[in-house]
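Listed below are the residues making up each chain.
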Amino acid sequence: MTQSRIHRLATRLANQIAAGEVVERPASVVKEAIENSLDAGASRIDIELESGGVQLMRVRDNGQGISAEDLTLALARHATSKIDSIDDLEAVGTLGFRGEALASIASVSRLSLTSNAAEQGAAGMVAQSEGRDMTVSVSPAPHPRGTTLEVRDLFYNTPARRKFLRTEKTELGHIDEVFKRQALARSDVAFSLRHNGKTLHSLNCANDQAGRERRVATVCGAAFMEQSVALAREAGRLSLHGWVGLPTFSRSQADLQYFFVNGRVIRDKLVTHAIKQAYRDVLFHGRHPAYVLFLEVDPAVVDVNVHPTKHEVRFREGREVHSFIFSTLHRALGDLRPGDGAAAIDASVADEQGGVGWSSAPRQAPMGLSTPPGGQWQPEAQAGTADLDALSRLYTSPTFNRGGQNTSIMEHLPRGDDESEVPPLGFALAQLHGVFILSENTEGLVLVDMHAAHERITYERLKRMRDDSGIRTQPLLVPQTITLSSREVAAAVEMSEALVALGLVLDATGDEQLVIREVPIALIGGGIEALVRDVLSDMLAFGTSDRIAAHEDELLSTMACHGSVRANRRLTVPEMNALLRDMEMTERSGQCNHGRPTWVQLGMQDLDKLFLRGR
Ligand code: ADP
Ligand code: MG
């Protein structure tokens, strides 16, 4: 390797190096271009592609445009109209601010930028850069108010990068994903996407809730819209709104997860963890939740300048954000009740944390006739061994409702003539093969999986009892010493109060050593050390840990499973009705402990369809 004197890199080369971080593939160009159009206040953005974007990407907007004097600078690196000082950076409200996207793209493609900033007339200008110094030439070109960015032959001059491009189909797929994210982020903007002369998307702008839902349905599929819950919550500097998929609408891949922070789509460990934790108890193992969520925060609370493509952010109050997201989703999912789907409910109640607006509006029953519950469910392994006493025990003791008052679930609602008296899950008609309850409600027929439903009810009730009596702990006969990093030990000392609340009594006995003295009873006999390590690493990363609760829940869930009515147990009609009423009062009763649906609604229309009966 030869060493030469230090010298300045030519502008183009410097920009090409910078492009390595920002321009990974055609989709990166489309992302930067759409962001620029949005920053320019465009209300319509049209995109045209050829050959997966490699041959051509043309992004046209009706934004404020760039004046003739500024056009040269737009293509220069470190030139931006969006920030001026470090203070601006700390509260940045635009999607771009680094001033390097266009310069980077121009250095690895044949780029032209045509724009017109005048209110009237079509007297636009076009800018292109040439040579190793990327000298910009500007000439007149007709263009209505707004801007068109045209990028041809991406990576034509960087063969090494070009090799990394995949097939047309793959690159188009990446662009499509970028397009969808931006289209979700801004339903107030009209978008279109064409590829090789064919229109792939054409989205009108939407300015009301119905329009926004239409946009989400178009982008994410109608099934998601139908099987999701709308939520909106505001607390202090944080506000979260959007749609979360019902647990039974889970996916085998994490491919329907959109999280926006101040309009910017992000990937963030803290956010993912908070959401996963909220779904923990209702999702079938290995399944992924679906969601489209928008978090709005004071720009000063979030640092977007931690990654060149701004896909990652850093929250200054990470724990607050985590707990806000978790509690909002946890509640939205816990509040799902049979019947919520019939009419959108608006449970606007004040939050315990004081004056927090809340609403959740489930749209439909967990599943319709035509939609499978999002997975292949395993048949229950231990079916057939009925715990004959379980039901009678459950149904002769008082149970909880959400208000915490004791009400007897033996109170069966009388069968009324008036439709409004029919409870959401209706009245039991019969039992099928000792497995399903058939019930009639105003919509039609309800089918309930007895065992699954009973299991959830028992489980929620065991959890409730655990929560009411607090975590029971026990000192270890032989305290266990574990070695950790000094950072983890320091954190354990600092958060000892929170750990005690989780049932863990830990003592630091050295810079890198802890002694476990007391643990929750439920954990004794398990891998305590590994759990303590995981809890501490959670606490460090997110300020909270649900591992102990998760572990206990697992035990309770197993207990509930064994203590629940098994198949082939004959129930009387009053017993069946009692079960239905209990489901209506129980949190998360739409799924059993393993995430399977507990009931399905077959509406009269669904039944008509089965018999090819037109009404
Ligand atoms: P940044 O977006 O970080 O400022 P870019 O390189 O993406 O940097 O763009 C440079 C500048 O060019 C922007 O600051 C903006 O002033 C101008 N610009 C780029 N695209 C557009 C557009 N579509 N409409 C109006 N101005 C634009
Ligand atoms: Mg930009």
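Owing to the predicted nature of the structure, the values given are computational and were not obtained by experimental measurement.

> Explain the overall build of the protein here, please?
Looking only at helices and strands, one finds 19 helices and 25 strands in the protein. Residues counted as buried form 49% of the 615 residues belonging to the protein. Restricting the contact set of the protein to residue pairs at least 6 apart, pairs at least 24 apart contribute 70%. For the protein, the accessible surface area stands at approximately 29,500 Å², while carbon and sulfur atoms represent 51% of it.

> Is there a simple way to think about the site of ligand 1 in this case?
Surveying the vicinity of ligand 1 reveals 19 residues, the closest of which are Asn-36, Thr-80, Ser-81, Lys-82 and Gly-99. Here Phe-97 contributes a backbone N or O atom positioned 3.0 Å from an oxygen atom of ligand 1. Elements that contribute at least two residues to the shell around ligand 1 include exactly α2 (26–39) and α5 (101–107). Here the shell around ligand 1 is composed, by residue class, of 7 nonpolar, 8 polar and 4 charged.

> I would appreciate a short explanation of the nonpolar core in the present structure.
Note that soluble globular proteins tend to have their nonpolar side chains buried in a common cluster. Ile-45, Ile-47, Phe-191, Cys-220, Phe-224 and Val-292 are the most contacted members of the largest nonpolar core, which totals 59 residues. Take this core: its biggest share by element is 7 residues, from helix α7 (residues 168–185). Membership of the second largest hydrophobic core comes to 37 residues, among which are Val-92, Leu-270, Ala-274 and Val-321.

> I keep staring at the packing of aromatic side chains and nothing clicks. Help me out?
The geometry of an aromatic ring pair comes down to the distance between the two centres and the angle between the two planes. Taken as a whole, this structure holds 3 aromatic pairs when the rule is applied. Residues Phe-224 and Phe-249 carry aromatic rings whose centres are separated by 6.0 Å and whose planes lie at 50 degrees to one another, so their mutual orientation is tilted. Of the two residues, Phe-224 sits in helix α9 (residues 222–226) while Phe-249 sits in the loop between β10 (238–245) and β11 (257–261), which places them 25 residues apart along the sequence. Neither residue differs from the other here; Phe-224 and Phe-249 are each classed as buried. Ring centres 4.8 Å apart and planes at 10 degrees place the aromatic pair Phe-260 and Phe-294 in the stacked group. Of the two residues, Phe-260 sits in strand β11 while Phe-294 sits in strand β13 (residues 291–297), which places them 34 residues apart along the sequence. Pair check on accessibility: Phe-260 and Phe-294 agree, each one buried. Above the ring of Phe-97, the side-chain terminus of Lys-310 is found at 5.7 Å from the ring centroid.

> Please clarify how the sheet that holds strand β3 (residues 110–116) should be interpreted in this entry.
Strand pairing within a sheet occurs via backbone hydrogen bonds; the two strands may be parallel or antiparallel. The strand order across the open sheet formed by 8 strands is β5-β4-β3-β6-β2-β1-β7-β8, and the pairing between neighbours is mixed. Edge positions in the sheet fall to β5 (135–142) and β8 (198–203), since each has one partner strand and no second. Across this sheet, the average inter-strand angle for adjacent strands is 15 degrees, counted without regard to direction. Pairing of β3 with strand β6 (residues 146–152), which is carried by 7 bridges, proceeds in the antiparallel orientation. Following the sheet pairing, Leu-111 is matched in β6 by Val-151. Along the sheet, α7 makes contact with β1 (44–50), β7 (190–195) and β8, crossing β7 at roughly 175 degrees.

> I would appreciate a short explanation of a negative patch on the surface in the present structure.
A cluster of acidic side chains, namely Asp-84, Asp-87, Asp-88 and Glu-90, defines a negative patch on the protein surface. Examined against the element boundaries, Asp-88 turns out to sit in helix α4 (residues 86–90). Under the relative-accessibility criterion, Asp-88 is labelled partly exposed at 31%.

> Even after reading the chapter, I still don't get α7, so can you show me in this structure?
Residues separated by three or four positions in an α-helix point in the same direction, a consequence of the helix having 3.6 residues per turn. Spanning 18 residues, α7 covers 26 Å between terminal C-alpha atoms, matching the ideal 26 Å at 1.5 Å per step. Among the residues making up α7, those that are buried are Glu-171, Leu-172, Ile-175, Asp-176, Val-178, Phe-179, Lys-180, Gln-182, Ala-183, Leu-184 and Ala-185.

> It is not clear to me how the environment of Ala-549 should be interpreted in this structure. Could you clarify?
Within the secondary structure, Ala-549 is located in helix α17 (residues 547–562). Separated by 29 residues in the primary sequence, Ala-549 and Pro-520 have C-alpha atoms spaced 9.9 Å apart. Other than its neighbours up to four places away in sequence, Ala-549 contacts Arg-280 and Arg-466.

> I keep staring at a nonpolar patch on the surface and nothing clicks. Help me out?
Side chains of Leu-9, Leu-13 and Ile-17 sit close together on the surface and give an oily, nonpolar patch of about 270 Å² of accessible area. Mapped onto the secondary structure, Leu-13 falls in helix α1 (residues 11–22).

> What should I look at first to understand the pairing of β11 in this one?
Along any regular strand the residues' side chains alternate between the sheet's two faces. Of all 5 residues making up β11, 4 are buried, and the element is well covered by its neighbours. Across 5 bridges, the pairing between β11 and β13 is parallel. Residue Phe-259 lies in a different strand from β13, and its bridge partner there is Leu-293. Taken together, the 2 bridges between β11 and strand β12 (residues 264–265) define a ladder with antiparallel strand orientation.

> How should I be thinking about the packing of helix α13 (residues 450–469) against helix α18 (residues 573–585) in this particular structure?
Two quantities define a packed helix pair, namely the angle between the axes and the distance from one axis to the other. Two elements in contact, α13 and α18, have axes whose closest approach is 10 Å; the angle formed by their N-to-C orientations is 50 degrees. Taken as axis vectors, α13 and α18 run oblique relative to one another. The hand of the α13/α18 crossing is left-handed. Packed against α13, whose contacting residues are Met-450, Ala-453, His-454 and Ile-457, the element α18 presents Leu-579, Asp-582 and Met-583 at the interface. A class-by-class count of the residues in the contact of α13 with α18 yields 5 nonpolar, 1 polar and 1 charged.

> Would you mind going over the packing of helix α10 (residues 269–279) against helix α16 (residues 528–542) with me for this structure?
Remark: α10 packs on α16, axes separated minimally by 10 Å, with the N-to-C direction vectors making an angle of 120 degrees. In terms of orientation, α10 and α16 fall into the oblique class. The way α10 lies across α16 gives a crossing that is left-handed. Packed against α10, whose contacting residues are Lys-269, Leu-270 and His-273, the element α16 presents Asp-538, Ala-541 and Phe-542 at the interface.

> Sorry if this is basic, but what is going on with the pattern of salt bridges here?
Opposite charge on two side chains permits pairing when their charged atoms draw close. A full pass over the atoms with the stated rule returns 35 salt bridges. Among the salt bridges present, the one from Arg-251 reaches Asp-255, with a minimum N-O distance of 3.0 Å. Since its relative accessible area comes to 27%, Arg-251 is described here as partly exposed. Among the residues examined, Asp-255 registers a relative accessible area of 38% and is labelled partly exposed. Note that Arg-588 and Glu-460 form a salt bridge whose closest N and O atoms lie 3.0 Å from each other. One end of the pair, Arg-588, is in the loop between α18 and β25 (599–603); the other, Glu-460, is in helix α13, with 128 residues separating them in the sequence. Here the two residues Arg-588 and Glu-460 agree in accessibility, since each one is buried. Several salt bridges converge on common partners, so that one network encompasses Arg-280, Arg-466, Asp-467, Asp-546, Glu-552 and Asp-553.

The rules behind the values
- Residues numbered from 1 in each chain as written.
- Chains lettered and ligands numbered in written order.
- Predicted model: local features only at pLDDT ≥ 70, side-chain atom pairs only at ≥ 80, totals over all residues.
- Heavy atoms only, no water.
- Helix = DSSP H or I, 4+ residues; strand = E, 2+ residues; numbered from the N terminus.
- Buried < 20%, exposed > 50% of the residue type's maximum accessible area, 1.4 Å probe, protein only.
- Contact = heavy atoms within 4.5 Å.
- Areas by Shrake-Rupley, 256 points an atom, 1.4 Å probe, with all protein chains shown as cover.
- Near = heavy atom within 4 Å.
- Polar contact = N/O pair within 3.5 Å; in protein donor to acceptor, adjacent residues only side chain to side chain.
- Nonpolar A, V, L, I, M, F, W, Y, C, P; charged D, E, K, R; others polar.
- Core = buried A, V, L, I, M, F, W, Y, C linked by side-chain atoms within 4.5 Å.
- Phe/Tyr/Trp six-rings, centres within 6.5 Å; stacked < 30°, edge-to-face > 60°.
- Lys NZ or Arg CZ within 6 Å of the ring centre and 35° of its normal.
- Pairing = 2+ DSSP bridges.
- Axes fitted to C-alpha atoms, helices over the stretch in contact; angles between N-to-C directions.
- Patch = residues over 30% accessible without salt bridge, like charges linked within 9 Å, V, L, I, M, F, W, Y side chains within 5 Å.
- Salt bridge = Lys/Arg side-chain N within 4 Å of Asp/Glu carboxyl O.
- Lys, Arg positive; Asp, Glu negative; His and termini not counted.
- Charge placed at Lys NZ, Arg CZ, Asp CG, Glu CD.
- Expected span 1.5 Å × (residues − 1).
- Parallel < 35°, antiparallel > 145°, perpendicular 65-115°, else oblique.
- Left-handed = near helix turned anticlockwise from the far one by under 90°.

So, to be careful, I would describe these as geometric facts and stop short of saying anything about function.
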